[in-house]
Amino acid sequence: MANVKQKLLFRNKEVSTVNSSSSDGSLGKPGRPNRQKEKVNGLTDKAQGLGKPLNDSLEVDIRDFLINEAELHTYDDLTKVNPVTPSTVLKCLQARYSAKVFYTHAGCTLVALNPFQPIPHLYSLDVMREYHSAPQPQEFKPHIFIVAEEAYRNVQGQVEPMNQSLVVSGESGAGKTWTSRCLMKYYATVAASSQKSQNTVENIERRVLDSNPIMEAFGNSCTLRNSNSSRFGKYIQLQLNSSQLLVGASVHTYLLEKTRVAIQAPNERNFHIFYQMMKGATDTQRLEWMLPLEQDFAWLPHAERTLEEDCLQETIDAMINLGIDEGKRAQIFRILAGLLQLGNVDFSPASEEAQPCDLDGHSKGFLQKTAALLQVPLDELQSCLTVRNLRAGKQNILKPCSRSECTVRRDCLAKAIYAQLFDWLVAFINNSMCADSSLWCNFIGLLDVYGFECFVLNNLEQLCINYANEKLQQHFVAHYLKAQQEEYVTEGLQWSFIRYQDNQGCLDLIEGSPSSIFSLLNEECRLNRASDAKQFRVRLEKELSDNANISWDKFSKEPHFTVAHYAGRVSYQIQGMMEKNKDPVPPELTGLLQRSQDSLLHSLFADGDLESEGSRGHSKVITVVSKFKNSLESLMRILHSTTPHYTRCIKPNPDCRPLTFKKEEVIAQLEACGIVETINISAAGFPIRIPYCSFLQRYGLITNNTRAAQMNRENSPEINGQAVLGSAVKDVVNVVLKRHVPNSTLSPDDNNNMVHCGRTKVFLTQSLLEMLEDHRNRVRSQKAFCIQCCWRRYQQHQRNLRTRAATRIQAGLRSWRVRSEIKKWHKAATVIQTTWRRWRAWMDALAEAELDDAEDFMEEESCVLPKLDPLLRERGSVQLDSIQEPVVVRGWPIGLAIASAPSITVSLTASGFQRIMSMMACLKIPFRHDEYKVETNQFEQGVASIRAQPRGSIKMHLQRSPLLYADRHPVHKADVVTGFNQILLEKT
């Protein structure tokens, strides 16, 4: 599987190489793929050349390989994408950038994409503490704090702590400065965990952070690619004591672009400090610095543009916090104001050939202000700018300078003053925060360097910057890529080494011996003759024609040479390169500044005698490339003595727009920082390396071989050898491979492309690791299923026992409750039956008593009605609607009397249970709110009676209606009986 991926990978690289070579016809080093486009005309031309082949290769890769684009943003490491090609890596970065995920691992490197917008929650104190307190920060999402914490733990956790270096690289605007700030803030927060050093740490952190505004004001400027571009490199050492707590810091700077003081490229600006003075100075300061508000300066182009960095008060506050007193600050700003006035001084040709050049119209006033601000004599200043002092033997000869030479001397004076002032500020910052050597024993270094540069016009500055990047790339290759292969050899790995691009040939071209670009350039500068660009080009062709990394365009009118860097081809102009390399400071200018009345300016050049004496001898001339090479070699010695951690900052688009991703821009930077080559090597080798003990601890359960790991932890000599552990590892791997690849066995002589058992470690590919994890999860699932089955069986058995016990308890309880309820029911039924029988007997007795009383009453009644019997009055009374007083009647004959009568509305007055029951039974009277409606029974079968209803019909033979004999208006007579009873008793 690894062979197939490797073949596909190389096939893709060959296809892209063929496309690029066929489109531009560029020549490259034999035996290596050519670049996609020659970088002769700058980075823009390269991006345009990369556009079409890049898009075509993306489409081909998408069609050839099935990539789930919806999951690309979930890949935390670019080496895990499949296949690992520049196009798929680019797709993955774009998907993560669109999902607002800005950090991604690339093997041993961290790739950081600039979001171009504030993301405060990503760098909060809570996030810092979370990464610092995590047992395994690598398990978190990629972040710059992971790199910081890993470096800090490397210092903290080793028996002999190893110094660490964090290399932050990238082009201008990629976010290097911000990344360095985050690292500084993180280490200050981590070191502040000790209460003893709380004040010290806060003081050091504050001073280091306050150094940033000063160094950015004096060392940064607005360029075409970035509004706050660092024009120098810096290396910050965080000094730690034996307890790994921060006790001090120091700053080292490299290659300040001092030519920017006097020469600015089109659409670019000078250093920020000059614009801060022009826009932020008060009226008093303007008078002191001689900077009228309406005055224009030649060395301040685009002064009307306002940037966030044009804040003078922030720079002044930082100076105050670092301890720069008011007097020193006044001297610094007067010197800077003098440089601005010096830039407005122009020269005109002299009227006579033997006379020095004259000054233009307003130049005399500007030169006077310059002399006043620098506190040097005006006449001596003008003489040093227009007259050159030549030494012939023991005699000094004064020779007037031409107009161009006067301009060069003016610019040289400004650059020398500004460079010395910048170095003084760096030294002052170091003195304010650097700890004594006895207080610290280790350090963590932060290297913020300029990235690879390729512009339309490239000169000595770009050559030095790209040379530094070549050295850093070689260090990166030597430390990681070669170290990987050396580890393979140490572990006895039988594996063919991957071919990777080694830039040693390019370094030999630039700095090699005996002939190189630097050596020839220095030799040309030491000759006491005028510089000739064409002659230097001829000499380069003669001396370096055998090197395949250099070429020339014979049809170009301007003398130049093209170097094939690891990141691409860059064309350098020869014109002006020798003058920049000499960087001469005429001794008369140095002597003039030493006689300045300004104490600060005098101290800057107080030790210039030795350099002036040395500059007179040809063998002692120190050129720019020599100084830079020496400082870079010193830096590389520091890096080689530390454990490096690389962070590559990427600028997603050239316009600095938030969340905008330009593919051509990103792929060019990935190639420039070596990420593409790193990914290819990491993916093609064995990126996973696990010690035997750890391997068996994790994967031994696949073959139930955990006993080997246990014995290894106990340092048992029986199993501590490679043979026993290696066989156990092979058993595990064979089980996994047999499941995924049938008929696969791992023999000792088999050069397997997916796994190798070294002397102490197991080397795996990413695909085999995934198979191991998948098989381990499956085995764990099976064992977990067995455990679950046993547990569920036990739980079911316990549940059954509890159910049986509960059933018995419930049965007993229910039987007891049923018996209790039945007893209650029996008792209630007995009470009901007794009451019902008593009531039934009572009703029967009552009915019988009524009939007996009625018969006795009929017999005793006479013509003269006696007084009403109280018993009869008790039985009830009926009041008709038309009768004023109630008529007392017998209860039982009423039904017979009104059986054939119409309905009559009556009012019933009765009391007592017997009366109500008697009347209701006879009349069937319904209840109606104080009224009763009597309904006849003439339509019903039988006769309503209190005792019984006869089944047959009852016929009454009457000559006339009995109602005609009713006393409708009876008189209250005590001895007369009225009502329907009287009618029934009359003879018909």
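Residues numbered from 1 in each chain as written. Predicted model: local features only at pLDDT ≥ 70, side-chain atom pairs only at ≥ 80, totals over all residues. Heavy atoms only, no water.

A. Region of the structure containing the packing of aromatic side chains. Following the criterion strictly, the structure yields 24 aromatic pairs and no others. Consider the rings of Phe-452 and Tyr-566, whose centres lie 6.1 Å apart with planes at 70 degrees: the pair is edge-to-face. Of this pair, Phe-452 sits in the loop between strand 12 (442-448) and helix 15 (460-490) while Tyr-566 sits in the loop between strand 14 (560-565) and strand 15 (568-573); the two residues are 114 residues apart in sequence, bridging distant segments of the chain. Through successive ring pairs, a cluster of aromatic residues spans Tyr-123, Tyr-131, Phe-140, Phe-145, Tyr-152, Trp-178, Tyr-186 and Tyr-187. We note Arg-269 situated over the ring of Tyr-275; from NZ or CZ to the ring centre the distance is 3.9 Å. (Phe/Tyr/Trp six-rings, centres within 6.5 Å; stacked < 30°, edge-to-face > 60°. Helix = DSSP H or I, 4+ residues; strand = E, 2+ residues; numbered from the N terminus. Lys NZ or Arg CZ within 6 Å of the ring centre and 35° of its normal.)

B. Spotlight on the pairing of strand 3 (residues 164-169). The buried fraction of strand 3 is high, at six of six residues. Along strand 3, one buried face is formed by Gln-164, Leu-166 and Val-168 and the opposite face, lined by Ser-165, Val-167 and Ser-169, is buried too. Pairing between strand 3 and strand 12: five bridges, direction parallel. When the sheet's bridge partners are listed, Gln-164 is paired in strand 12 with Ile-444. Strand direction decides the pairing type here: strand 3 and strand 16 (residues 643-650), joined by six bridges, are parallel. Each residue of the ladder has a partner; that of Leu-166, found in strand 16, is His-645. (Buried < 20%, exposed > 50% of the residue type's maximum accessible area, 1.4 Å probe, protein only. Pairing = 2+ DSSP bridges.)

C. Inspection of the packing of helix 8 (residues 272-280) against helix 11 (residues 326-343) at higher detail. Running from N to C, helix 8 and helix 11 point in directions that differ by 95 degrees, and their axes come no closer than 11 Å. Regarding the angle of helix 8 to helix 11, the classification is roughly perpendicular. Across the interface between the two elements, Ile-273, Phe-274 and Met-277 of helix 8 pack against Phe-333, Leu-336, Ala-337, Leu-339 and Leu-340 of helix 11. Class assignment for the residues of the contact of helix 8 with helix 11 results in eight nonpolar, no polar and no charged. (Axes fitted to C-alpha atoms, helices over the stretch in contact; angles between N-to-C directions. Parallel < 35°, antiparallel > 145°, perpendicular 65-115°, else oblique. Contact = heavy atoms within 4.5 Å. Nonpolar A, V, L, I, M, F, W, Y, C, P; charged D, E, K, R; others polar.)

D. Representation of the sheet that holds strand 3 in the model. In space, the seven strands of this open sheet follow the order 1-2-16-3-12-6-7, with mixed pairing throughout. Looking at which strands have only one partner, the edges of the open sheet turn out to be strand 1 (103-106) and strand 7 (246-254). For this sheet, the mean angle separating the axes of adjacent strands, direction not counted, is 20 degrees. Pairing analysis gives four bridges linking strand 1 to strand 2 (residues 109-113), with the strands arranged antiparallel. Each bridged residue has a counterpart across the sheet, and for Ala-106 the counterpart in strand 2 is Thr-109.

E. Looking closely at the side chain of Thr-104. Turning to its location among the elements, Thr-104 is positioned in strand 1. Assessed through its relative accessible area of 1%, Thr-104 is described here as buried. Within the structure, Thr-104 has its side chain in polar contact with the side chain of Arg-96 (distance 2.8 Å). Once you skip the residues sitting within four places of it in the chain, Thr-104 turns out to touch Tyr-75, Asp-76, Asp-77, Leu-78, Leu-93, Arg-96, Thr-109, Leu-110, Val-111 and Pro-142. (Polar contact = N/O pair within 3.5 Å; in protein donor to acceptor, adjacent residues only side chain to side chain.)

F. Main features of the sheet that holds strand 19 (residues 761-764). Overall, antiparallel pairing links the three strands, which are arranged 17-19-18 in an open sheet. A single partner strand is all that each edge strand has here, and the edge strands are strand 17 (688-691) and strand 18 (755-757). Each strand axis lies, on average, 20 degrees off the axis of its neighbour in the sheet, ignoring direction. Of the strand pairs in this sheet, strand 17 and strand 19 are connected by four bridges, and their pairing is antiparallel. Counted as the bridge partner of Pro-691 is Lys-761 from strand 19.

G. Representation of helix 16 (residues 504-511). Here helix 16 has its buried residues at Cys-506, Leu-507, Leu-509, Ile-510 and Glu-511. Taken around the axis of helix 16, the buried residues stretch over an arc of 165 degrees, which confines them to a single face. (Arc of directions from axis to C-beta.)

H. A look at helix 10 (residues 312-322). Taken as a whole, helix 10 has its buried residues at Leu-312, Thr-315, Ile-316, Ala-318, Met-319 and Leu-322. Considered in projection along helix 10, the buried side chains sweep an arc of 160 degrees and stay on one side of the axis. Two residues or fewer after helix 10 comes Gly-323, characterised by a positive phi angle close to 95 degrees.

I. Representation of the confidence of the model for the protein chain in the model. Here the protein chain shows a mean pLDDT of 76. Residues at 70 or above account for 70%. No element of the protein chain has a lower mean pLDDT than helix 1 (residues 2-24), which averages 36, and none a higher one than helix 11, which averages 95. Taken as a whole, residues 609-619 scores under 50 in pLDDT and shows 10 contacts with residues more than four places along the chain or in a different chain. (pLDDT = per-residue confidence, 0-100.)

J. A look at the nonpolar core. In terms of nonpolar packing, the biggest core is built from 127 residues, with Tyr-187, Phe-218, Leu-336 and Tyr-418 touching the most fellow members. Filtering out sequence-adjacent residues up to four positions away, Tyr-187 remains in contact with Val-147, Ala-148, Ala-151, Tyr-152, Leu-166, Leu-238, Ile-444 and Leu-446. The next biggest cluster of nonpolar side chains, apart from the first, holds 49 residues, and it includes Leu-447, Leu-520, Tyr-566 and Ala-672. (Core = buried A, V, L, I, M, F, W, Y, C linked by side-chain atoms within 4.5 Å.)

K. Just empty space enclosed by the protein, in detail. Taken as a whole and assessed by the stated rule, the structure comprises nine cavities of 30 Å³ or more. Considered as a void within the structure, the largest cavity measures approximately 230 Å³ in volume. Lining the largest cavity are 20 residues, and of these Gly-451, Phe-452, Gln-669, Ala-672 and Cys-673 sit closest to its centre. Those elements that provide at least two residues to the lining of the largest cavity are helix 15, strand 16 and helix 24 (663-672). Ranked by the residues each element gives to the lining of the largest cavity, the list is headed by helix 24, at four residues. Partitioning the lining of the largest cavity into residue classes produces 10 nonpolar, six polar and four charged. (1 Å grid on protein atoms, 1.4 Å probe; cavity = no way out; pocket = protein on both sides within 12 Å on 5 of 7 lines; lining within 4 Å. Points joined across faces, edges and corners; volume = space filled by probe spheres on them.)

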